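Each chain, written out:
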Amino acid sequence: MNEMSAIGPSRAFKSALGAGLLLASLAIAVGSLPADSKPKAPADPRPTQPAVVFQLLDAQSSPAVFSRANSTRDALGFPTGVRRTGRRVKDSFQQAEFDEVDELDAKGDLVSLTQFEPSGRLRVAVRLDQSPHPATRVDGESASQAAQRGVAAAGLLVGGPRHVDSDVATDGWTVRWERTQNGVSVRGDETRVQVRPDGSIQSLARIEHQLAAEPTRRLDSDQAKRLVTNQAHQWFEASGSSYTIQKMDVEWVAPNDTFGSGQSADPQQAYRLAWVANVKPSGPAADYAWLVTVYIDAGDGSLLGGDIVE
Amino acid sequence: MKRAQLLLVSALIAASTLGSTAPGAFAAQGQVRSNSDGFAYRCLGYTDTYPQQLYTLAVSQMTKLGYAVTDASLGSAFTRSAFLTTVGKDYAVYVHSHGDNYWAASGYPNVDSGFLQDPGTTRCNSSSTDVVRSSSIKAATYGGAYTLVIMSTCSLGADSTTMPGAFQIEKTKLSPEKEFYLSYADHVYDSSMLRFEQAFWSYINSGNPNYTLWGAFTYANSIGGYPIPDAQDPFLPNWWGSSIYNGHPL
C-alpha cells in the first residue's frame, strides 16, 4: 500500500472536519459581533519563542574547532561526510553557547555532529546515520568496554560510579559515569556514552558544572531530616495525604525555584552542596505525584529547590 | 444506531465534497494540552511550574513546525470531553500530564494506557475519575492518521503502552509512514522532560529542512544531564514511527 492511499481517506475526513469547524467558528464569530464594533487585531496567541541563532565558522578562521571535531569523529569511529560545516551557536532553548561542526553526506543529510563549549571542552558528539539492527546485540559488559574505549580515545578521563542500562530507544546501551567530587555525587553531571546494538558508539556527552565552596559546617542527617519532614508535612497535609522519606544523601545540586523558594534557575550558577531527600506520597496525592525530591542546603538548611515526578 | 449511520453518511458526504479541496487550503491542526491544576498549590502544597513551561514550549514549537495549534489549553479547559471531541481533526497532539499503563476493563494482563485530565480548580486528580484512556482516544480518532504525537508523561513510552495505537501509530522504528510518537518509558523528573524537550525542539526547529524528528530525538537523548529518581528508573525516552520524517505537516 503506498503512502497516499494509506492516509488519503482519513486526511479528507480531517479536512472536512476542519472546514466544518472553520465555517462554524466564522458563523459564531460573525453572529456575535456587535454592529458598531470595529474589528480588532487578534492577540498573538504564540508565547515568546526561544531561538537558535548562529554565526557560520569555516576551517580557515576556526581551525581549532574543526581539528577538534575531526579528532573526536575519528576517535569514536563516526562516519566521515563529504563536507563539513561549522557554526557558533547561541541556543536559548538550552541556554547554552557552543561551537558545532556537522558532517554532511552527498544529499546534505547530517551524518554526525560534534559540539564544544567555548572553552574547547567536548559537550556532545552524536552520529545520525541509520543504525544497523543485528540479530543479536552486544551484551552490557561488551557495551561498557566499548564505551570505555571510546571515552579514552576521545581523551577523556572517567571515574565515579558506572551505570550500564539497556536503552529502549536504540535497542543498545547507555553507559554513564556519574561525576563525583570528594566522593559526593554531582547531580546530573556525568560522562554518558550510548552504544549501538552492534557495539559501535552512538554518542558521547560530558556534563560538568561549576561547584560552589563547601559549607564550613554541614548539617547532620537528623537535622536535615527534620527540615525535610517539616516541609513535606506542610505540602501533603492540605490534600489529606501522607508520605515517607525514602532516601537522603548529600549531593551537589543546581538550585532552582521548583517550590517557589525564590532560588534563581540560572543554569550558569554554581552547584551547591545539599541534602537530597526523596519524598514518596501516599494516599490521594499518590494518584498524581509519584515522587517529590527536595534539596536542603547542607550548610544553612535553607530550601534550595528540588524536582517532581508527576 | 440509525443516528450514528446518519452521522457517518453526513461525514462521508462532507469528506467527498471537501476532499477535492486544494492541498494546503487548511493548515494541518495540532492540539496542546497540559494538566496544571492537578499540580497546583491546593493539591501539592506548592505550585509546580513545569506544566506551564512545557505547555508554552510545545505551543510555540508545534506552531513553528507548521501546525495550526487550534486547541490549546493549560488547566481546567483540558478535560476528557474537550480532548476527545477535538482530537479527531488533528494531525499533531501534545499532552503533558501524569500518565500510566492502567489495566484494561478486561483486567490483567491487558493494558489500556491513559493520562489524567486536568481536575479543575476545586479538586485534585483521581485515577478513578480522571483517566483519559487510549481506548477512548482510539474511538475518537476514527482511524485517522497522526503525524506527530508527544505524550509528555511517565510510562507512555514503555513497551507495554497502548497509547501509540490510539493514534494508529504502530510500535515499530521502521515505519514507512510520516508519523512519529515520543514519550518516556519509566518515571521521569519534570526537569528532565523539560531539558529533553528543549533540546528536541531546538534541533528540529533550527532551520535545516533535512533534519528529522528521529535526529532531534537522538540528539536530545545524547546530551545527557538527566537526573534520575533512583537506579531502577533510568532516563528512558522512547519513540516509534519513521526515522526519516522531518515533522512538517503533510
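Preceding block: the structure.
Note that the structure is predicted; figures quoted are calculated from it, not measured.

Participant: Would you explain the interface of chain B and chain A in this entry?
Facilitator: Size of an interface: often given as the accessible area lost when the parts come together. Listed as interface residues are 68 residues of chain B and, on the opposing side, 60 residues of chain A. Sorting the residues of the side of chain B that touches chain A by element identifies helix H1 (2-18), helix H2 (41-44), helix H3 (50-65), helix H7 (190-204), helix H8 (213-222) and strand S9 (237-241) of chain B as the ones contributing at least two each. Of the residues assigned to the side of chain B that touches chain A, the class counts are 31 nonpolar, 30 polar and seven charged.

Participant: Mind showing me how you'd approach unusual backbone geometry here?
Facilitator: Negative phi characterises most residues that are not glycine, and trans characterises most peptide bonds. Of note, the bond from Tyr108(B) into Pro109(B) is cis; its omega dihedral lies within 30 degrees of zero at 5°. As for its placement among the helices and strands, Pro109(B) is situated in the loop between strand S4 (99-103) and strand S5 (111-116). With phi around 65°, Asp171(A) is a residue other than glycine that occupies positive phi space. If you trace the backbone, Asp171(A) turns up in the loop between strand S6 (162-167) and strand S7 (172-181). Its identity is not glycine, yet Ser155(B) carries a phi of approximately 75°, on the positive side. Of note, Ser155(B) is situated in the loop between strand S7 (148-152) and helix H6 (163-166).

Participant: I tried to follow the pairing of strand S11 (residues 272-282) of chain A on my own but got confused; where do I start?
Facilitator: Each regular strand shows side chains that alternate between the opposite faces of the sheet. All names here are of chain A. Of all 11 residues in S11, nine are buried, a share of seventy percent or more. In the sheet, strand S10 (residues 242-253) pairs with S11 via 11 bridges, with the strands oriented antiparallel. Counted as the bridge partner of Ile245 is Val279 from S11.

Participant: Quick question: what am I supposed to make of the sheet that holds strand S8 (residues 180-184) of chain B here?
Facilitator: Each strand in a sheet pairs with another by means of backbone hydrogen bonds, the pair being arranged parallel or else antiparallel. All names here are of chain B. Taken in spatial order, the six strands of this open sheet run S2-S1-S3-S7-S8-S9, and their pairing is mixed. One side of each edge strand has no neighbouring strand; the edge strands of this open sheet are strand S2 (68-74) and S9. Shown here is a sheet whose adjacent strand axes are inclined to one another by a mean of 10°, direction ignored. Two elements, S7 and S8, share three bridges in a ladder whose sense is parallel. By the bridge assignment, Leu148 is partnered in S8 with Phe180.

Participant: Explain the sheet that holds S4(B) here, please?
Facilitator: All names here are of chain B. If you walk across this open sheet you meet the three strands as S4-S5-S6, and the pairing is antiparallel. At either end of the open sheet lies a strand with only one pairing partner, and these are S4 and strand S6 (131-133). With strand direction ignored, the average angle separating the axes of adjacent strands in the sheet is 40°. Alignment of S5 against S6, held across three bridges, turns out to be antiparallel. Looking at the pairing, Leu116 lines up with Val131 of S6.

About the criteria used
Residues numbered from 1 in each chain as written. Chains lettered and ligands numbered in written order. Predicted model: local features only at pLDDT ≥ 70, side-chain atom pairs only at ≥ 80, totals over all residues. Contact = placed C-beta atoms within 7 Å. Helix = DSSP H or I, 4+ residues; strand = E, 2+ residues; numbered from the N terminus. Nonpolar A, V, L, I, M, F, W, Y, C, P; charged D, E, K, R; others polar. Buried ≥ 20, exposed ≤ 12 C-beta atoms within 10 Å, placed from the backbone. Pairing = 2+ DSSP bridges. Axes fitted to C-alpha atoms, helices over the stretch in contact; angles between N-to-C directions.

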